[in-house]
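A closer look at the structure
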Amino acid sequence: MTKFPKNFLWGGATAANQLEGAFDEDGKGLSIADALPGGRERFSIVNQPNFDWKIDNAKYRYPNHLGIDHYHRYQEDIKLFAEMGFKCYRFSIAWSRIFPNGDESEPNEAGLKFYDKLIDECLKYNIQPVITISHYEMPLHLVTEYGGWKNRKLIGFYENYASVVLNRYAKKVKYWMTFNEINSALHFPVMGQGLVKSNGADDKKNIYQAWHNQFVAGAKAVKIAHSLRSDLMIGCMILYATTYAYDANPENQLAALKENQAFNEFCGDVQVRGTYPAYTESVMNRYGFSFKDLEVHDGDLELLKENPVDYIGFSYYMSTAVNVTDKNLDSANGNLVGGVKNPFLKASDWGWQIDPTGLRIALNELYNRYQKPVFVVENGLGAVDKPDENNFVQDDYRINYLRQHIEAISGAISDGVDVLGYTPWGCIDLVSASTGQMSKRYGFIYVDLDDNGKGTLNRYKKASFNWYKKVISTNGEEL
Ligand code: BG6
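Residues numbered from 1 in each chain as written. Predicted model: local features only at pLDDT ≥ 70, side-chain atom pairs only at ≥ 80, totals over all residues. Heavy atoms only, no water.

1. Considering the overall build of the chain
For the chain, the helix and strand inventory stands at 15 helices and 14 strands. Relative to the globule expectation of 23 Å for 479 residues, the C-alpha radius of gyration of the chain, 21 Å, shows essentially globular dimensions. The 479 residues of the chain split such that 61% are buried. Restricting to contacts in the chain with at least 6 residues of sequence separation, those with at least 24 account for 76%. A total accessible area of about 17,800 Å² is found for the chain, and carbon and sulfur atoms account for 48% of it. Separation of charge centres in the chain, based on 51 positive and 59 negative side chains, amounts to 2 Å. (Helix = DSSP H or I, 4+ residues; strand = E, 2+ residues; numbered from the N terminus. Rg over C-alpha atoms; globule rule 2.2 N^0.38 Å. Buried < 20%, exposed > 50% of the residue type's maximum accessible area, 1.4 Å probe, protein only. Contact = heavy atoms within 4.5 Å. Areas by Shrake-Rupley, 256 points an atom, 1.4 Å probe, with all protein chains shown as cover. Lys, Arg positive; Asp, Glu negative; His and termini not counted. Charge placed at Lys NZ, Arg CZ, Asp CG, Glu CD.)

Next up, the structure:
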């Protein structure tokens, strides 16, 4: 197997809204994640035509309110990450801790103090923080008052927020990302853009307008970041689902190419290359509008051109297969993406098609398209864990999944790809983004908490904990 570079960033990844809890402490405002009910039906609830974002504790449970109580237990958690030998830890800052409503001009000092402590705790163990500025947790007020990211005013609010956190932490933190899985909005605009049926999610023009606003906001963050520290690296973050044509039928090949452009490539093309791609008009025409229908201000395109990102962060869980010639094929479930079932692949308990080779392909596609370093900032297996009487989980299925994906990264490195690091998702069990479940677990660390919010919240090492520790200490030589 190809050796991993000496400074390869092994670590793990989380997001504030899925683990911190303390949703209303120390001045924090509500985020959209705080208003998402738990359970597999969470997206259908928020997409009811008259949904109004009111929290209704009598009707629903809100698992993000407690998370796994990391806000009060971060020291214990970081210590466990350090014991595994993490070189880096990817987490996000909850925007609504810093600007509770999102539109204030002055930040909430208590919120900033929490991240001072979290960052220092990481640095104490020589763990490099990798920060996502916005990970599915925009302040709820920006949705209810302004209609989410389709409103251009959000550019200024985000710029203000990004400027505060970058100024405060750039000295201590080298790696940043602007928006988590920005492209997921094509199919699910709620978490990234604050758009649901009741405020315009069904009109694709709103999604592209929101993206344009996010591209401009992201470019402003890149500009600020680069002015603060010359070796700072700020990336985009793409949900990458390697896209295959179902077969060699040219119609399916063409459809796969178009799906790939619209989903995997569009946002990255703008954020990494700094220009809208040649196929922009064709994608927009497909949804019944044109680029000239978007609100684009003088100077926007220059700003994008002058401030591309430094690297491509991406999540990879599964691949997808496209077939437009046979309507009878079963569709596949997936990480906010669709497609048909691929007969060559097995799927997780949640129907996500497991495909390590797809990760090697993704790394090659991304690196060769953009020629900037790539960073696998999410990957993992959501599974039901069954702890024994000592709360030990023998999660060989997870070890197998991760081993195969690490081998795929090694393969990509041998193909010449410049890979910065690997941060498996949910390194400690946390609340699922798509279903709000605790029972969908990804971690090396088991958290005693169930889907009904019951449990001690105690942390226990799974078998994968010691396995990953060995992987890191041998720099990927022992898998
Ligand atoms: C990504 C998100 O889509 O996948 C994470 O960036 C999310 O926030 C992860 O948790 C896994 O998805 P899920 O739905 O299993 O939690």
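2. Structural notes on the layout of surface pockets
Empty space within the second largest pocket amounts to approximately 180 Å³. Lining the second largest pocket we find A35, P37, I45, Q48, N50, F51, D52, K54, D56, K59, Y60 and Y62. A per-class count over the lining of the second largest pocket returns six nonpolar, two polar and four charged. (1 Å grid on protein atoms, 1.4 Å probe; cavity = no way out; pocket = protein on both sides within 12 Å on 5 of 7 lines; lining within 4 Å. Points joined across faces, edges and corners; volume = space filled by probe spheres on them. Nonpolar A, V, L, I, M, F, W, Y, C, P; charged D, E, K, R; others polar.)

3. Quick look at the packing of helix α7 (residues 153-169) against helix α9 (residues 204-228)
Where α7 contacts α9, the axes come no closer than 9 Å and their chain directions differ by 25 degrees. Our classification of the angle between α7 and α9 gives roughly parallel. Viewed along their axes, α7 and α9 form a crossing whose handedness is right-handed. Residues I155, Y158, E159, A162, S163, L166 and N167 of α7 form the contact with α9, whose own contacting residues are N213, V216, A217, G218, K220, A221, I224, A225 and L228. Each residue belonging to the contact of α7 with α9 can be placed in one class, and the counts come to ten nonpolar, four polar and two charged. (Axes fitted to C-alpha atoms, helices over the stretch in contact; angles between N-to-C directions. Parallel < 35°, antiparallel > 145°, perpendicular 65-115°, else oblique. Left-handed = near helix turned anticlockwise from the far one by under 90°.)

4. Concerning the environment of V309
You can see V309 is positioned in the loop between α12 (300-306) and β7 (311-315). Through-space distance from the C-alpha of V309 to that of N342 is 34 Å; in sequence the pair is 33 residues apart. Ignoring sequence-local partners within four residues, the contact set of V309 consists of V222, I234, G235, C236, Q271, V272 and K372.

5. Regarding the pairing of strand β3 (residues 128-134)
Buried residues dominate β3, accounting for six of its seven residues. Relative to β3, strand β2 (residues 88-92) runs parallel, the two being bridged by five bridges. Pairing of C88 across the sheet is with Q128, part of β3. (Pairing = 2+ DSSP bridges.)

6. Re the packing of aromatic side chains
Applying the stated rule across the entire model yields 41 aromatic pairs. A centroid spacing of 4.9 Å and a plane angle of 55 degrees characterise the contact between F4 and W10, whose relative ring orientation is tilted. The pair F4 / W10 is uniform in exposure class, with both members buried. On the basis of an interplanar angle of 80 degrees and a centroid distance of 6.0 Å, the ring pair of F86 and Y468 is categorised as edge-to-face. One end of the pair, F86, is in the loop between α3 (70-84) and β2; the other, Y468, is in helix α15 (residues 463-473), with 382 residues separating them in the sequence. The same class applies to F86 as to Y468, namely buried. Linked through ring pairs, F4, F8, W10, F81, F86, Y89, F91, Y422, F444, W467 and Y468 together constitute an aromatic cluster. Over the ring of F114 we find R97; its NZ or CZ atom is 5.8 Å from the centre of that ring. Lying over the aromatic face of Y287, K204 brings its terminal NZ or CZ to 5.3 Å of the ring centre. (Phe/Tyr/Trp six-rings, centres within 6.5 Å; stacked < 30°, edge-to-face > 60°. Lys NZ or Arg CZ within 6 Å of the ring centre and 35° of its normal.)

7. A word on the environment of E281
Counting through the fold element by element, E281 comes out in helix α11 (residues 280-286). For E281 and K292, which are eleven residues apart along the polypeptide, the C-alpha to C-alpha distance reads 9.2 Å. With residues up to four places along the chain from it excluded, the contact list for E281 reads S290 and F291.

8. Examining α7
A rise of 1.5 Å per residue sets the reference length of α7, with its 17 residues, at 24 Å; its end C-alpha atoms lie 25 Å apart and thus fit the reference within 8%. Within α7, the full set of buried residues consists of L154, I155, F157, Y158, Y161, A162, V164, V165, L166 and Y169. For α7, the elements touching its buried residues are α4 (95-98), α5 (109-124), β3, α6 (141-144), β4 (175-179) and α9. (Expected span 1.5 Å × (residues − 1).)

9. Points about the sheet that holds strand β11 (residues 374-378)
Hydrogen bonds between backbone atoms are what pair the strands of a sheet, whose relative direction is either parallel or antiparallel. The sheet built from eight strands closes into a barrel, its strands ordered β1-β2-β3-β4-β5-β7-β11-β12 with parallel pairing. Strand-to-strand, the axes of this sheet are offset by a mean angle of 30 degrees, without reference to chain direction. Taken together, the two bridges between β11 and strand β12 (residues 419-422) define a ladder with parallel strand orientation. Bridge pairing in β12 links V374 to V419. Packing of helix α13 (residues 356-370) onto the sheet brings it into contact with β7, β11 and β12, and relative to β7 it is tilted by some 155 degrees. With respect to the sheet, helix α14 (residues 396-414) is in contact with β1 (9-13), β11 and β12, its orientation differing from that of β12 by roughly 170 degrees.

10. A few points about unusual backbone geometry
Positive phi values are uncommon outside glycine, yet Q371 reaches one of about 55 degrees. The exposed category is assigned to Q371, whose relative accessible area is 60%. Unusually for a residue other than glycine, L457 sits at a positive phi of about 70 degrees. Here L457 lies in the loop between β13 (445-447) and β14 (459-461). With a relative accessible area of 9%, L457 lands in the buried category.

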